[in-house]
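# Observations on chain architecture
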Amino acid sequence: MIMAALPVAEPCRWLMLMYQLPSQPAYLRTKIWRRLQALGAVAVRASAYVLPMGDEAREDFHWLVEEIVKGGGEAAVCEARLVDGLSDGEVEAQFNAARDEAYAALADEAHALLAGPPSGPAPVARLRRRFGQIVAIDIFGAKRRDPTGQLLDRLESRLGGDADGDTDPHDTLIGRVWVTRAQMFVDRLACAWAVRRFVDAQARFKFVADHAYQPQPGEIRFDMFESEIGHEGDRCSLEVLIARAGLGQDRALAAIAEIVHDIDLKDEKFQRPEAAGILHLLQGVCAPDRPDEQRLARATAIFNDLYDGFARA
């Protein structure tokens, strides 16, 4: 008997995450969507996202599955080959379209800076960091990557040097008016405390109601819509501030950032046992009728004592 050889199946090109979320808590749906956007995953159907096959993608989806299950949902990851319907090329085009959209938005901001008066290094450094975040998930080399990078090069050349500001982070943070949303709570309180204790003891704060507030010269926004210092990936605003200000070696401050992260993002990333107690304290501090300056004064005492305790330990 002669048997025909079966065709060798092509290797799987994709990892697919399929999940289902409970109706409550409502924030979980937005949280998972943001995680997927940060990873650069694209949807091939409702609640089914893909990334190109790879160890990093496998690990990213693994942690996302754990997060979904902890939130009361269901999730599974499988290796996938596209057989019918969408083609590999069409999925690649979705990846490129998503990255090109992000590059285009960044380029619009860069053109606005080029058209206006010199802005100083901080806005350019912020655009450069965002560009690096997009490049990190630009798996197939979207067409707008190089033109956007060249545009940022022009901006940095106009500054007459490197816009990174990494050599002395305080240069762009001292002497600023710090703007955030009114009725401060955990992350905003912690950021304001850290600014006054570690960055600029004379820092002034402005509390605004408009989530789309546009900063005036000399102002820097934190933990609000499109702020210069805010959530990045899975980091809360305090974690981002610590990195931006070059304070990452302070272990006592890092411990407080972990507590604030667990309270603010509710993902139990660090599983800090102090989180529940600090949350209750800050809920008491943030009585509805208490002005923000009073909230900050009371929270400052709490964070100072907490920091000193960690420093001694």
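Everything numeric in this text was worked out from a predicted model, so none of it was measured.

Cut-offs applied
- Residues numbered from 1 in each chain as written.
- Predicted model: local features only at pLDDT ≥ 70, side-chain atom pairs only at ≥ 80, totals over all residues.
- Heavy atoms only, no water.
- pLDDT = per-residue confidence, 0-100.
- Contact = heavy atoms within 4.5 Å.
- Pairing = 2+ DSSP bridges.
- Helix = DSSP H or I, 4+ residues; strand = E, 2+ residues; numbered from the N terminus.
- Axes fitted to C-alpha atoms, helices over the stretch in contact; angles between N-to-C directions.
- Buried < 20%, exposed > 50% of the residue type's maximum accessible area, 1.4 Å probe, protein only.

## Concerning the confidence of the model for the protein
Of the residues in the protein, 91% have a pLDDT of 70 or more, and the chain-wide mean is 86. Here residues 1–8 is modelled with pLDDT under 50, and outside its nearest four sequence neighbours on either side it reaches zero contacts, counting other chains as well. Note on residues 161–169: pLDDT under 50 across the span, and eleven contacts to partners over four residues away in sequence or across chains.

## A closer look at the sheet that holds strand β2 (residues 42–45)
Pairing between sheet strands relies on hydrogen bonds along the backbone, with the strands arranged either parallel or antiparallel. Ordered by their spatial adjacency, four strands build an open sheet running β2-β3-β1-β4, and the pairing between neighbours is antiparallel. What marks the edges here is a single partner per strand, and that holds for β2 and β4 (74–80). Strand-to-strand twist in this sheet, taken as the mean axis angle between neighbours without regard to direction, amounts to 30 degrees. Of the strands in this sheet, β1 (14–20) and β3 (48–52) touch helix α1 (residues 27–39), which is tilted by about 20 degrees from β3. Sheet strands touched by helix α2 (residues 55–70): β1, β3 and β4. Its angle to β1, the strand with the most contacts, is close to 5 degrees.

## Topic: the pairing of β1
The buried fraction of β1 is high, at five of seven residues. As paired strands, β1 and β3 are joined by five bridges and run antiparallel to one another. Considered in β3, the bridge of Met18 is made with Ala48. Here β1 pairs with β4 via seven bridges, running antiparallel. Bridge assignment links Met18 to a residue of β4, and that residue is Ala76.

## Overview of the sheet that holds strand β5 (residues 177–181)
The strand order across the open sheet formed by three strands is β6-β5-β7, and the pairing between neighbours is parallel. The sheet is open, and its two edges are formed by β6 (204–208) and β7 (219–221), each paired on a single side. With strand direction ignored, the average angle separating the axes of adjacent strands in the sheet is 30 degrees. Sheet topology places β5 next to β6; five bridges connect them, and they run parallel.

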